[in-house]
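# Summary of the model geometry
Residue-level listing of the chains:
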Amino acid sequence: MAGGQVKCLSVIGFSLICLKMVASTKTAPKIPTIDQAYSKISNSITVEWATVPGATGYLLTARDGNTVIETVVANSPGTVTGLKAATLYQITIRSISPAGRSQASPPKQAKTVLAAPILQVSSPSPDSILVQWKSVYMATGFSVSIMRANGLGRIWKENTTNTSLTFTSLDAGTLYTIKAYAWNASGTPGDDSTCNQRTGPRAPANIQVSFDSGSLKASVSWAPTEGAFNYTVMALSDSSRLSCSTTFSSCTISPLQCGTKYLISVLATNDAGSSRSISAVTLKTVACAPGRVTIQEDPPGHLSVAWSNVHLGDYYVAFVKSDDGLEVHCNTSFTQCNFLSECGFTYFISVFAYNKAGQSPLGDVFNYTTAPCCPGDINPVLVSSDRVEIVWSPVRGAELYETKAVDGFSVVECNDTVPACTLSALECDTKYNITVYSFSEVRGSNTSCTSRFITTAPCSPEIKNVSKDAFSMINVYWRSTNDEATYTVTAQGEKGLHRCSSTGESCTLWGLPCGSVFSVTAVAETPAGRSLPSYSVPLETVPCCPASLTVTPVTQSVINVSWTVGTGAQTYVTVLESHTGQSKCHTRQNHCLLGCISCGINYTVALKAISATGLTADCGYQSYSSSSCCPLEVKLYRLGPNGIRIYWQASRGSANYSTDLYGSKGIFTCAPSAGLSFCDITEIPCGDVYTVMVSPVAETGLKLTFCPKKIYSVTCSGSTLGMVIYRGKRNAE
């Protein structure tokens, strides 16, 4: 197999040699000669050469140190791109034909021109443009030119070694084209940059302002500015700033504020920036309507109208018009005017402020009604202890009449449009000063009328509180304004009527049964008569305590508490409490299960009877001793062939115990002597399974059967002494 590989390799080598000999029969193209290499753009070099016969293409190579960039072109001239600006390159060329490539031509050096500067242009003023750029590698100077973008006008061109240049004396609002390039130390120009920039507009001039005092708006106009795209009118005051924008040469600002001084200016704007008018126009609006207008009639028949001073107000005019159509006015530079008035009239008053801009806006219109005359022929008649009828003659200017009964502390009023009134809400046992006033809804009452004095019958007392003291006595308290009155309190219910009397403000009801509901009222009596009963106050006595209470153990930790029904009780709260804790239940029934009871502990038993309204009777009962604890570690030991000893460990407290063994051949019981924790059963059949339960015995002799049971197997073989086999545990049944 090794000889086969060698033979194969020889054949392949032979074939390659033959191919090489065949290929060598075709000649490669001639080496071209570079005529010139030059750069017009910063990222390329253009090469020119004489055409080589038979060449189908040319490979241009530009080398900069370790960087080589090649480009295949069809004919002369050819350009190598992707070069770095201001960099010297070695340029060679190879001709390409189907026969292969020629050798590289002799190298020729060429350097790329400088890169174009990156321009940043702006218009700092309407007649100038600022051109800025960053430094350009290998640049020794820059050439910047500017001309109108539309091609009209002259061209400005400046050379500089700086990186910024400002062109001045330009036309405002005009679009210019800026071109710039850099040159190197030999003066060769590099790439150029071109951009457009517009100069800012000129500041608006000839500003005219026309103010409309009625609608509080200002129309502003100005001469159009060349190159402005839009205009913004600004009205500035100490407290506000208003503006409007437009593309025309006029604009309306609204709403302006009264009593305000505005500075109005116009801002012209285009894409280059903005120019504000050189000077602002001052506008003073009309004064605001005077405020804090006060009207007083002092003395009667004289009206005094006063108001606050307003900003920008030169003088004031106050107008007063009565409801019969007569109008008078007062012109003053002060803040007060005085007018004559008559009773029974309504006057409408308005005040305006004036300045050069015109009249202030209409402020509030005030009306003032003078007091009507006093009614005559007043005749108050006492109709009953709490009612008086008053009749009088009509008077001019009265819209309605107000009758007042005053006792020095309170006022009872009766209002009507007719000259008669009945006072039916007077206080009893009170001396009243009754007066009739003619009333104007806006102005008020005339207080110059005569009066009469009357005294009414006693007032009904008002029960303030009904309370129960520690001795089950009911104390009733009331409020009364009567003088020298005797009061009787009545408590009426299904179980009878109870009364008490007093000349003070309280009395005590005795002997009211528990679990009962009463209605309590009070009546006042004086020589003038008997008052109506007071509003009734419901009285509920506390529920009756149950007559008896029984506590029965259910399990070692659960007891059942039962009791008799207490009259008036709806729910009950039972509490067992000891030094170990508390057990509690709340129920509507007359019995309750209480858990978490500790065995062998003395408890105090308490019961609360609660009514439907929440009244509570605390019922105390004697103490209760919980059942003895179940014994621990119950075990059985053999005592001979037929004897069994049951042993246990007594739990907390001292107790008597009873032992029971249940088997298929009978039930065996034993009771230990006092103080012992075991007992013996001498005759018990072997060969049986017994259920063993050791139970505490209550003081009453009742055996408690809730302790756990254990199962033991008593065999007949084996030792006659020792422990019996434990078979398991059975829950107490």
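Residues numbered from 1 in each chain as written. Predicted model: local features only at pLDDT ≥ 70, side-chain atom pairs only at ≥ 80, totals over all residues. Heavy atoms only, no water.

As recorded in an unreviewed UniProt entry, the chain goes by Fibronectin type III domain containing 7 and comes from Balaenoptera musculus.

In this section: the overall build of the chain. Counting its secondary structure elements, the chain contains one helix and 64 strands. Relative to its length of 733 residues, the chain is extended, with a C-alpha radius of gyration of 62 Å against a globular reference of 27 Å. Dimensions along the principal axes, computed over C-alpha positions, put the chain at roughly 145 × 135 × 35 Å. Sequence separation of 24 or more characterises 57% of the internal contacts of the chain that already satisfy a separation of 6 or more. With an accessible surface of roughly 39700 Å², the chain has 52% of that area assigned to carbon and sulfur atoms. Taking the average place of the 52 positive charges on the side chains of the chain and the average place of its 49 negative ones, the gap between the two points comes to 24 Å. (Helix = DSSP H or I, 4+ residues; strand = E, 2+ residues; numbered from the N terminus. Rg over C-alpha atoms; globule rule 2.2 N^0.38 Å. Contact = heavy atoms within 4.5 Å. Areas by Shrake-Rupley, 256 points an atom, 1.4 Å probe, with all protein chains shown as cover. Lys, Arg positive; Asp, Glu negative; His and termini not counted. Charge placed at Lys NZ, Arg CZ, Asp CG, Glu CD.)

Further remarks concern a nonpolar patch on the surface. Judged by side-chain polarity, Phe348, Leu362 and Val365 come together as a nonpolar surface patch covering roughly 300 Å² of accessible area. Inspection of the secondary structure puts leucine 362 in the loop between β30 (358–359) and β31 (366–369). (Patch = residues over 30% accessible without salt bridge, like charges linked within 9 Å, V, L, I, M, F, W, Y side chains within 5 Å. Salt bridge = Lys/Arg side-chain N within 4 Å of Asp/Glu carboxyl O.)

Okay, the packing of aromatic side chains next. Tallied over the entire structure, the rule returns twelve aromatic pairs. Considering the side-chain rings of phenylalanine 345 and tyrosine 347, the 6.4 Å spacing of their centres and the 50 degrees angle between planes classify their relative orientation as tilted. You can call tyrosine 347 buried: its relative accessible area is 8%. The ring centre of tyrosine 662 lies 5.9 Å from the NZ or CZ of lysine 709, which sits over that ring. (Phe/Tyr/Trp six-rings, centres within 6.5 Å; stacked < 30°, edge-to-face > 60°. Buried < 20%, exposed > 50% of the residue type's maximum accessible area, 1.4 Å probe, protein only. Lys NZ or Arg CZ within 6 Å of the ring centre and 35° of its normal.)

Our next topic: the state of the cysteines. Per the stated rule, a full pass over the model turns up eleven disulfides. Paired through a disulfide, cysteine 258 and cysteine 288 show a sulfur-sulfur distance of 1.9 Å. Here the S-S torsion is close to 100 degrees, and the disulfide linking cysteine 258 with cysteine 288 is therefore right-handed. Of the two residues, cysteine 258 sits in the loop between β20 (250–253) and β21 (261–270) while cysteine 288 sits in the loop between β23 (281–284) and β24 (294–297), which places them 30 residues apart along the sequence. In this structure cysteine 288 comes out as partly exposed when scored by relative accessible area, which is 24%. Between the sulfur of cysteine 414 and that of cysteine 421 lies a disulfide, 1.6 Å long from S to S. (Disulfide = S-S within 2.5 Å.)

Quick look at the pairing of strand β43 (residues 496–502) now. By the bridge criterion, seven bridges tie strand β42 (residues 486–493) to β43 in an arrangement that is antiparallel. Looking across to β43, one finds that glycine 493 is bridged to glycine 496. If you look at the hairpin formed by β42 and β43, you'll find two residues sitting between the two strands. (Pairing = 2+ DSSP bridges.)

Before going further, it helps to spend a moment on the UniProt feature "domain: Fibronectin type-III" (unreviewed entry) in the chain. Per the UniProt entry, the sites bearing "domain: Fibronectin type-III" (unreviewed entry) are residues 28–115, 116–203, 289–373 and 374–459 in this numbering. Structurally, residues 116–203 is divided into 0% helix and 56% strand, and its ends, taken at the C-alpha atoms, are 36 Å apart. The span residues 289–373 shows a helical share of 0% and a strand share of 52%, and its end C-alpha atoms are spaced 35 Å apart. (UniProt positions renumbered as here; feature names shortened; annotations may be inferred.)

Across the sheet, three strands lie side by side as β24-β25-β28; this open sheet has antiparallel pairing. Looking along the sheet, the strands with just one partner apiece sit at the ends: β24 and β28 (336–340). Averaged over all pairs of adjacent strands, the angle between strand axes in this sheet comes to 20 degrees, irrespective of strand direction. Looking at chain direction, strand β25 (residues 302–306) and β28 are connected through five bridges and run antiparallel. Across the sheet, the residue bridging to valine 305 is cysteine 337, located in β28. (Axes fitted to C-alpha atoms, helices over the stretch in contact; angles between N-to-C directions.)

Glancing now at the sheet that holds strand β17 (residues 217–223). Strand order in the open sheet formed by three strands is β16-β17-β20, and the pairing between neighbours is antiparallel. In this open sheet, the two strands that pair with only one neighbour each are β16 (205–212) and β20. Across the sheet, the axes of successive neighbouring strands diverge by a mean angle of 20 degrees, strand direction being ignored. Here β16 pairs with β17 via six bridges, running antiparallel.

Assignment of secondary structure puts threonine 87 in the loop between β5 (78–81) and β6 (88–97). Of the polar contacts made by the side chain of threonine 87, one reaches the backbone oxygen of lysine 84; its length is 3.5 Å. There is a polar contact of 2.9 Å between the side chain of threonine 87 and the backbone oxygen of alanine 85. Beyond its immediate sequence surroundings of up to four residues, threonine 87 is in contact with Asp64, Ala110, Lys111 and Thr112. (Polar contact = N/O pair within 3.5 Å; in protein donor to acceptor, adjacent residues only side chain to side chain.)

On to the side chain of serine 39, then. Locating serine 39 in the fold gives a position in the loop between β1 (34–38) and β2 (44–49). The exposure class of serine 39 is buried, given its relative accessible area of 14%. At 2.9 Å, the side chain of serine 39 and the backbone oxygen of serine 44 are in polar contact. Within the local environment of serine 39, its side chain forms a polar contact with the backbone nitrogen of valine 113, the two atoms lying 3.1 Å apart. Excluding residues within four positions of it along the chain, serine 39 makes contact with Ser44, Ile45, Lys111, Thr112 and Val113.

With that settled, consider the pattern of salt bridges. Per the stated rule, a full pass over the model turns up seven salt bridges. A salt bridge links lysine 404 to glutamate 413; its shortest N-O distance comes to 4.0 Å. A relative accessible area of 22% places lysine 404 in the partly exposed class. Linking arginine 479 and glutamate 462 is a salt bridge whose minimum nitrogen-to-oxygen distance equals 2.8 Å. Of the two residues, arginine 479 is situated in strand β41 (residues 474–479) and glutamate 462 in strand β40 (residues 462–468); the sequence distance between them amounts to 17 residues. The exposure class assigned to arginine 479 is partly exposed, which follows from its relative accessible area of 42%. Accessibility expressed as a relative area gives 41% for glutamate 462, which makes it partly exposed.

Bringing the nonpolar core into the picture now. By size, the foremost hydrophobic cluster in this structure holds 20 residues, and its most contacted members are Ile559, Val561, Trp563, Leu576 and Leu594. Looking at this core, the elements with two or more residues in it are β49 (559–563), β50 (571–578), β52 (591–594), β53 (602–610) and β54 (616–620). For this core, the leading source of residues is β53, giving four residues. Here leucine 576 is in contact with Ile559, Val561, Gly581, Gln582, Ser583, Leu594, Ile597, Tyr603, Thr604, Val605 and Tyr624, once residues within four sequence places are set aside. In terms of nonpolar packing, the next biggest core, distinct from the first, is built from 19 residues, Val305, Trp307, Cys330 and Ile349 among them. (Core = buried A, V, L, I, M, F, W, Y, C linked by side-chain atoms within 4.5 Å.)

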